[in-house]
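Topology and contacts: notes
Single-letter residue listing:
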Amino acid sequence: MKNPFEAFHHAGTRKREIPLDTILKSKEETLSKILTGYEDLLKNEAKDLVWLMQYSTVIKAYSIAEKGMEGIEYTAEDIEEFCYALDHSDQIPYLITGPAGVYISALCNHAQEEEIRLQLRDLNVKINLLGYRLPSNKQLIVEGNVGDFTGIGLDGGELIIEGSGKNYTGAGMKQGKIVVRHNLGFNTGHGMTGGELMVGGRIKGLGKIVGGKVYEKDQLIFPNEGIKPFYF
Amino acid sequence: MQNGHYQKRVRKIYTYISDNLYLNRPDVAIKGEPFNSTLLLSLLTALNRGKELIMGEPGLGKTTSAEYVGSIIYRYPLGIIWGSEVSGHPEQTEEKIIGRPDLGELNKGREKVVWSNFAQIPVKIVDEINRLPETKQSMILNGVDRGNWEYLNEILINDEYSLFATANYQDRGTNTIIAPLIDRFDVLIESRHPGSNIAYTIGKEARVNHPLRHPQYEKELHHILRGEKPYEEKMALAEGVCDLFGEYMKDQLGLEGLARGERGEINEEMAKLDFDIDANALVRMMLAELSFCHKYGQKRSVEVCEDGCHYSGYLCHHIKNCASNRLPMSIRNYAQSLAWFLEDDGVDLEHVRLIIPYVLAHRIQWKDSYLSKKEGEGRNDPFQIYLAKEAAEEVFQRYNEQREYLLEAFAVGYRAIDGEEVIPLEGDHPIYEEIKRDIGAKDEKSL
């Protein structure tokens, strides 16, 4: 007798592709490209797994990051995925928060969306340098705590941190607005020349501020009579 | 692969009938295209030599839709179709339906049959079939099934025919269509009311001179059919007149019917269309639910399964009878015809999903308890078709939920029959039990 299951000879090994599969596949491909760009940055900038935070290294790292992500089509969701991949992926053995922050900032600054929301509450590490050079047409909202040097060199964008930041937040910012719901560390606003920095909680200490405004619990604390602008 | 030449002609016929003769609303959609189910399935019936039962209220186009489709596809003038129809009424006789003795020859002591037009021409229409008493329905069983018509000691076999039967809803003058006869119909459809606005247009455009009438060719065809030549010879002559009527339709209406050879080619093209793996598996799953019985081995209309059965969530628990082997044949024919009509490369899930309710509706005998439960539900279709549509969607949903696993189970079945030692996959659906039975993994109950 003819095998009644003839048509299913190879059936068990074939999978039907549903639209979700296609979406996931495309998401995986995008994430893989983003991770490759980040790896290239690490290879160039942190050969010995050490990254010294200097103004010149940040500028160089940013320009390498921009090159690494050239031609990648991504969305804000992909940036968030990347943040979690940094925390959990086997593909990235080392998370160095400096280059990671520069790379994420570059991704945000070049994203198509004007509003980017990153849910980072569950991250084990605090990313440094988020919001670096955020341009004037962008709003970056970060849910969770962030590391040092957040929003440095901010260039007109709006950075909202739904949590706390660490030291040197808003350092060197030129224009725009940084809103931090909770607390900030030392040297806040160091070298900032313009813009507004509003903190809902406490600021441990201000840096040498050249211009702009700093608020603590809705109170303008810079400039005021006690703290005058610093001239480098 | 076919080049779509015939499909374009058939589509033109669909559009012409839909726009001019059988005005209707679309009530089904496939691959984004809306169709009227009555017209679409009638067209497929004429193309695939099928048998269709059309139900509906009086005067809603049951018979006329079949007449138009049959007339154009087979290129018989409408007068011949009318003259060949059999009407179902209690006094109907075999002599009027099939044939009668040639009285002149009988006087000379010789037996010779004069076949009816109905028995001879390929477009067969039985009007109001359920007005035939149940005892007389048996007369047409063989003819309906195989195209074999017997009278006295003579036999006439139709090589090609399509059968359309109409049935009114139950009233004082109707009878039940007997189970063996109803199972012989491939599809059940309803000719519905087109809605008040279209109905108004029908009233407005009622015409005297029908475009599908041609008195001269009708006369010639009657003459041929009444003649004494052998049946095959008569059919060859009739085809010549049909060619002329085909030319007439082309000139006057811009329609190209199908010659006998062309209809044959179309059927060959249809038969070449394979079911893809999903369509194949879905049909098997459906058949399992309509034939499986955990307690008695298979469904039998004389054996009712118990309430506490493990399989009470499946169709087998709600039905009384067993799916006949004509069911998969009907599914295959109509799904292939539909795929052909849509110019698809093969039969897929969408074709099968559209077809299943119509091949199932008249064949399932639901349990009374199930009927009472569903009776009050709001619906657009007649109860039988509604229940079949619900059943088809239910099985389709189950198929989607366990597709990968089921295909794996079939693949394991293949390997087992191929001689490999494998453990069959277990599952809750009756199909897994059927697979186990096929590969001998489940012992048949001892007698």
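Residues numbered from 1 in each chain as written. Chains lettered and ligands numbered in written order. Predicted model: local features only at pLDDT ≥ 70, side-chain atom pairs only at ≥ 80, totals over all residues. Heavy atoms only, no water.

**As for the sheet that holds strand β3 (residues 51-55) of chain B**
Residues and elements named next belong to chain B. Spatially, five strands are ordered β4-β7-β10-β3-β11 in an open sheet, and the strand pairing comes out parallel. Single-partner strands in this sheet number two, and they are β4 (86-87) and β11 (187-190). In this sheet, strand β10 (residues 162-167) lies alongside strand β7 (residues 123-127) in parallel orientation, the contact comprising four bridges. By the bridge assignment, Ile125 is partnered in β10 with Phe164. (Pairing = 2+ DSSP bridges. Helix = DSSP H or I, 4+ residues; strand = E, 2+ residues; numbered from the N terminus.)

**A short note on the pattern of salt bridges**
All names here are of chain B. As enumerated under the stated definition, the model contains 37 salt bridges over all chains in all. A salt bridge links Arg300 to Glu303, with the shortest nitrogen-to-oxygen separation between them at 2.9 Å. Arg300 sits in the partly exposed class, given a relative accessible area of 33%. Salt bridges sharing common partners tie together Asp145, Asp183, Arg184, Arg326 and Arg363. (Salt bridge = Lys/Arg side-chain N within 4 Å of Asp/Glu carboxyl O. Buried < 20%, exposed > 50% of the residue type's maximum accessible area, 1.4 Å probe, protein only.)

**Some details on the state of the cysteines**
A full pass over the atoms with the stated rule returns zero disulfides over all chains. We note that Cys293(B) lacks a disulfide partner, and the nearest cysteine sulfur, in Cys305(B), lies 5.3 Å from it. (Disulfide = S-S within 2.5 Å.)

**Brief notes about the sheet that holds strand β1 (residues 115-119) of chain A**
All names here are of chain A. Judged by pairing direction, the sheet is mixed, and its seven strands sit side by side in the order β1-β2-β3-β4-β5-β6-β7 without closing on themselves. Looking at strand neighbours, the two that pair on one side only are β1 and β7 (219-222), the edges of this open sheet. With direction set aside, neighbouring strand axes in the sheet form an average angle of 15°. Here strand β5 (residues 196-199) pairs with strand β6 (residues 213-216) via four bridges, running parallel. Bridging across to β6, Leu197 finds its partner in Val214. (Axes fitted to C-alpha atoms, helices over the stretch in contact; angles between N-to-C directions.)

**A look at the interface of chain A and chain B**
The interface of chain A with chain B comprises twelve residues on the first partner and 20 residues on the second. Both sides together, the interface formed by chain A and chain B hides about 1500 Å², and carbon and sulfur atoms give 61% of it. Across the chain A-chain B interface, the total number found is two residue pairs in polar contact (both at pLDDT 80 or more). When grouped by side-chain class, the residues that make up the side of chain A that touches chain B number five nonpolar, three polar and four charged. (Contact = heavy atoms within 4.5 Å. Buried area = accessible area lost by both parts, 1.4 Å probe. Polar contact = N/O pair within 3.5 Å; in protein donor to acceptor, adjacent residues only side chain to side chain. Nonpolar A, V, L, I, M, F, W, Y, C, P; charged D, E, K, R; others polar.)

**Quick notes on the side chain of His429(B)**
Residues and elements named next belong to chain B. You can see His429 is positioned in the loop between α19 (383-417) and α20 (430-438). A polar side-chain atom of His429 sits 2.7 Å from a polar atom in the side chain of Glu289. Not counting residues up to four positions away in its chain, the partners in contact with His429 are Met285, Ala288, Glu289, Tyr311, Tyr314, Arg398 and Gln402.

**Re unusual backbone geometry**
Glycine aside, the phi torsion of most residues is negative, and most peptide linkages are trans. Residues and elements named next belong to chain A. In this structure, Pro223 follows Phe222 across a cis peptide bond, with omega equal to -10°. On the secondary structure map, Pro223 appears in the segment after β7. One non-glycine residue, Arg133, lies in the positive phi region at around 60°. Judged by its relative accessible area of 32%, Arg133 falls in the partly exposed class. Positive phi is not limited to glycine here, since Asn187 has a value of about 55°.

**Looking at the pairing of strand β9 (residues 154-157) of chain B**
Remember that side chains alternate between the two faces of the sheet whenever the strand is regular. Residues and elements named next belong to chain B. Alignment of strand β8 (residues 148-151) against β9, held across four bridges, turns out to be antiparallel. The residue bridging Glu150 from the neighbouring strand is Ile155, located in β9. Between β8 and β9, which pair antiparallel in sequence order, lie two residues; one of them, Leu152, sits at a positive phi of approximately 50°.

**A short note on the nonpolar core**
Tyr76(B) and Ile129(B) are the most contacted members of the largest nonpolar core, which totals 135 residues. Ignoring anything within four residues of it in the chain, the contact list for Tyr76(B) reads Ser71(B), Ile81(B), Ile121(B), Pro122(B), Leu221(B), Met235(B), Ala238(B), Cys242(B) and Phe245(B). Within the second largest apolar cluster, 59 residues are counted, among which are Leu134(A), Ala171(A), Val214(A) and Phe222(A). (Core = buried A, V, L, I, M, F, W, Y, C linked by side-chain atoms within 4.5 Å.)

**Considerations on the packing of helix α15 (residues 277-291) of chain B against helix α17 (residues 349-360) of chain B**
Residues and elements named next belong to chain B. Where α15 meets α17, the closest approach of the two axes is 9 Å, and the angle between their N-to-C directions is 25°. It follows that α15 is roughly parallel to α17 by the angle criterion. For the pair α15 and α17, the crossing hand works out as right-handed. Counted together, Asp278, Ala279, Leu282, Val283, Met286 and Leu290 of α15 and Leu349, Val352, Ile356 and Leu360 of α17 form the full contact between these two elements. (Parallel < 35°, antiparallel > 145°, perpendicular 65-115°, else oblique. Left-handed = near helix turned anticlockwise from the far one by under 90°.)

**Looking at the side chain of Asp102(B)**
Residues and elements named next belong to chain B. Along the polypeptide, Asp102 turns up in the loop between β5 (99-101) and α6 (103-107). This buried residue, Asp102, is left without a salt bridge; Lys112 holds the nearest opposite charge, at 4.6 Å. A polar side-chain atom of Asp102 sits 3.2 Å from the main-chain amide nitrogen of Gly104. Ignoring any residue separated from it by four or fewer positions in sequence, one finds Asp102 in contact with Lys112, Val114 and Glu228. (Lys, Arg positive; Asp, Glu negative; His and termini not counted.)

**Side note on the packing of aromatic side chains**
If you walk through the whole model with that rule in mind, you get 15 aromatic pairs over all chains. Centroid distance Phe292(B) to Tyr311(B): 4.9 Å. Interplanar angle 70°. Geometry classified as edge-to-face. Placement of the pair is Phe292(B) in the loop between α15 and α16 (326-341) and Tyr311(B) in the loop between α15 and α16, with a sequence separation of 19 residues. Accessibility assignment for this pair places Phe292(B) and Tyr311(B) in one class, buried. Members of the aromatic cluster, joined through ring pairs, are Phe5(A), Phe8(A) and Phe410(B). A cation over an aromatic ring shows up here: Arg332(B) above the ring of Phe275(B), its NZ or CZ 4.6 Å from the ring centre. Its guanidinium or amino end placed over the ring of Phe396(B), Arg353(B) lies 3.8 Å from that ring's centre, counting from NZ or CZ. (Phe/Tyr/Trp six-rings, centres within 6.5 Å; stacked < 30°, edge-to-face > 60°. Lys NZ or Arg CZ within 6 Å of the ring centre and 35° of its normal.)

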